[in-house]
Amino acid sequence: MEGEGECSDNPFTSVMTLTKMRVPHVPQRYVLPPSQRPTLTLDLTANLPIVDLSTLHHASQRSLTLDTIQGACKELGFFQVVNHGIPLPVIHDALAAAIEFFNLSLEEKMTLLSDNVHNPVRYGTSLNHASDKVHYWRDFIKHYSHPISDWIHLWPSNPPSYKDKMGNYAKAVQVLHKQLMEAILETLGLNFGNLQKEIEEGNQLMAINCYPACPEPDLTLGMPPHSDYGTLTVLLQSGPGLQLQDNKKKWLSVPFVEGALLVQLGDQIEVMSNGQYKSVVHQVTLSAENKRLSIASLHSLPINKKIGPAPELVDEQHPVSYNEFSFRDFLDYISSNDIADKRFIDSIKKSV
Ligand code: OGA
Ligand code: NI
């Protein structure tokens, strides 16, 4: 489909464009080496916990629910939540706004195109179209979202309802993140009050991802294996496709539960917990039939805040296992490193 020369300067082509062209094969730059190709028919995650968050408000049920959360954090770094307090219409509106955005003309979306990971709002494709050696079958728009009044004027002004619909969802997820952090810190025996202000003033980056149907889903991925950098990611998905690695490095497919939200532990929690909890490695697979949308809300402490292991979790048996890092350090890292090659968290682990 294209000569090698065209790959090296990476002209911008969205996967929505390729889909509209009805390409019968994925272009060569999307083809992964055989060892990195996905298995599309994996076991479903057998013991994937679904946590009913309403039980956290009932004194008699709270400790049982915290036990479930603790088990999920130790085994998988991942769980799903229901009764999370975000109304279904807010969820559906956010997904509808995302669909409308990606259906806009390329010209319109290109006004937000950027390969600079420090930009607070940017449209793009793959991980970073300007530097990726292998491309991934994903288009995205990412924007900072908290506090919303600082950023919303930079968000897409088309479709006209985007700011309202995505804004309602963003605000609701920010509240949910705080509630989840309170529970997770409690399971680690850490004092939420000490971190409350930084959690409230933290960064929220929403990654709105579009994975169109792919003619050869066995050759490529929507996103390569990675973990998220922050405290937690709350993920909303329109259909199945996410796979994660358990603590034995076995890949599992995440079952799709309508209305549920997925909670993924990020690198900041791994570091804070001094390795008691691990950030979850996940990847996105594609479908030959269906387009998939996802809205990942990536939360982290304030951009310049250095996070190290909590002193309460360090002793002679558990020496400090990670160097400190901030969200900004992570952004600097991905500006010059390919996270498909090497995980960020491995760069801050202390050698034993
Ligand atoms: C991400 C991510 C998963 C998905 O944006 O970091 O992992 O299902 N997304 O889109
Ligand atoms: Ni992710």
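None of the values given here were measured: they were computed from a predicted structure.

Attention now goes to the overall build of the chain. Of regular secondary structure, the chain possesses 11 helices and 12 strands. The C-alpha radius of gyration of the chain comes to 20 Å, within 12% of the 20 Å expected for a compact globule of 352 residues. With respect to the principal axes defined by its C-alpha atoms, the chain has extents near 60 × 45 × 40 Å. Restricting to contacts in the chain with at least 6 residues of sequence separation, those with at least 24 account for 76%. Just so you have it, the chain exposes about 15400 Å², and 52% of that area is on carbon and sulfur atoms. Computed over 29 positive and 39 negative side-chain charges, the separation of the two mean positions in the chain equals 0 Å.

All told, the structure shown has 7 salt bridges when counted by the stated rule. Ionic pairing is found between Lys 133 and Asp 338, a salt bridge with its closest N-O pair at 3.5 Å. Pair noted here: Lys 133 is in the loop between β3 (121-125) and β4 (139-144) and Asp 338 is in the loop between α10 (327-336) and α11 (344-348), with a separation of 205 residues, a long-range link. Exposure remark for Lys 133: the relative accessible area of 58% places this residue in the exposed category.

In this section: the coordination of the nickel ion (ligand 2). The nickel ion (ligand 2) binds to the protein through His 226 (NE2), Asp 228 (OD) and His 282 (NE2), with metal-donor distances spanning 2.1 to 2.2 Å. All donors to the nickel ion (ligand 2) come from one chain, and their sequence spacing reads H-x1-D-x53-H. Remark: His 282 occurs in strand β11 (residues 282-284) and Asp 228 occurs in the loop between β6 (223-226) and β7 (232-237); sequence separation between them is 54 residues. Judged by its relative accessible area of 7%, Asp 228 is buried.

Okay, the sheet that holds strand β9 (residues 251-253) next. Read across the sheet, 4 strands follow the order β6-β11-β8-β9 without closing on themselves; strand pairing throughout is antiparallel. Here the strands that pair on one side only, and so sit at the sheet edges, are β6 and β9. Neighbouring strand axes in the sheet, compared pairwise and without regard to direction, differ in orientation by 20° on average. Here strand β8 (residues 242-245) pairs with β9 via 3 bridges, running antiparallel. Residue pairing in the sheet places Gln 245 in a bridge with Trp 251 of β9.

So, about the site of ligand 1. Taken together, Asn 209, Tyr 211, Met 223, His 226, Asp 228, Leu 235, Leu 242, His 282, Val 284, Arg 292, Ser 294 and Ala 296 are the residues near ligand 1. Contacts to ligand 1 include Ser 294, whose side-chain N or O atom sits 2.5 Å from an oxygen atom. Taken by itself ligand 1 offers 290 Å² of open surface, and the protein chains cover 97% of this. Elements with a contribution of two residues or more to the shell around ligand 1: β5 (203-211), β6, β11 and β12 (292-300). If you tally residues by element for the shell around ligand 1, the top one is β12, at 3 residues. Class assignment of the residues belonging to the shell around ligand 1 gives a composition of 6 nonpolar, 4 polar and 2 charged.

With that settled, consider the UniProt feature "domain: Fe2OG dioxygenase" (unreviewed entry) in the chain. When the UniProt feature table is mapped onto this chain, "domain: Fe2OG dioxygenase" (unreviewed entry) is found at residues 201-301. Secondary structure within residues 201-301 divides into 6% helix and 43% strand; the distance between the first and last C-alpha atoms comes to 7 Å.

Okay, the pairing of β4 next. β4 sits mainly inside the fold: 6 of its 6 residues count as buried. The alternating pattern of β4 places Asp 139, Ile 141 and His 143 on one face and Phe 140, Lys 142 and Tyr 144 on the opposite face, and all of these are buried. In this structure, β3 lies alongside β4, joined through 5 bridges in antiparallel fashion. Residue pairing for β4: Gly 124 is matched across the bridge by Phe 140.

Evaluation of the coordinates by the stated rule reveals 13 aromatic pairs. On the basis of an interplanar angle of 90° and a centroid distance of 5.3 Å, the ring pair of Phe 330 and Phe 344 is categorised as edge-to-face. Of the two residues, Phe 330 sits in helix α10 while Phe 344 sits in helix α11, which places them 14 residues apart along the sequence. Its relative accessible area of 7% is what places Phe 330 among the buried residues. Aromatic side chains Tyr 333 and Phe 344 sit 5.2 Å apart centroid to centroid with 70° between the ring planes, which places their arrangement in the edge-to-face category. Taken together, the positions of Tyr 333 in helix α10 and Phe 344 in helix α11 put the pair 11 residues apart, joining distant regions of the chain.

Each value, and the rule that gives it
- Residues numbered from 1 in each chain as written.
- Chains lettered and ligands numbered in written order.
- Predicted model: local features only at pLDDT ≥ 70, side-chain atom pairs only at ≥ 80, totals over all residues.
- Heavy atoms only, no water.
- Helix = DSSP H or I, 4+ residues; strand = E, 2+ residues; numbered from the N terminus.
- Rg over C-alpha atoms; globule rule 2.2 N^0.38 Å.
- Contact = heavy atoms within 4.5 Å.
- Areas by Shrake-Rupley, 256 points an atom, 1.4 Å probe, with all protein chains shown as cover.
- Lys, Arg positive; Asp, Glu negative; His and termini not counted.
- Charge placed at Lys NZ, Arg CZ, Asp CG, Glu CD.
- Salt bridge = Lys/Arg side-chain N within 4 Å of Asp/Glu carboxyl O.
- Buried < 20%, exposed > 50% of the residue type's maximum accessible area, 1.4 Å probe, protein only.
- Donors = N, O, S within 2.8 Å, 3.2 Å for Na, K, Ca; no water.
- Pairing = 2+ DSSP bridges.
- Axes fitted to C-alpha atoms, helices over the stretch in contact; angles between N-to-C directions.
- Near = heavy atom within 4 Å.
- Polar contact = N/O pair within 3.5 Å; in protein donor to acceptor, adjacent residues only side chain to side chain.
- Nonpolar A, V, L, I, M, F, W, Y, C, P; charged D, E, K, R; others polar.
- UniProt positions renumbered as here; feature names shortened; annotations may be inferred.
- Phe/Tyr/Trp six-rings, centres within 6.5 Å; stacked < 30°, edge-to-face > 60°.

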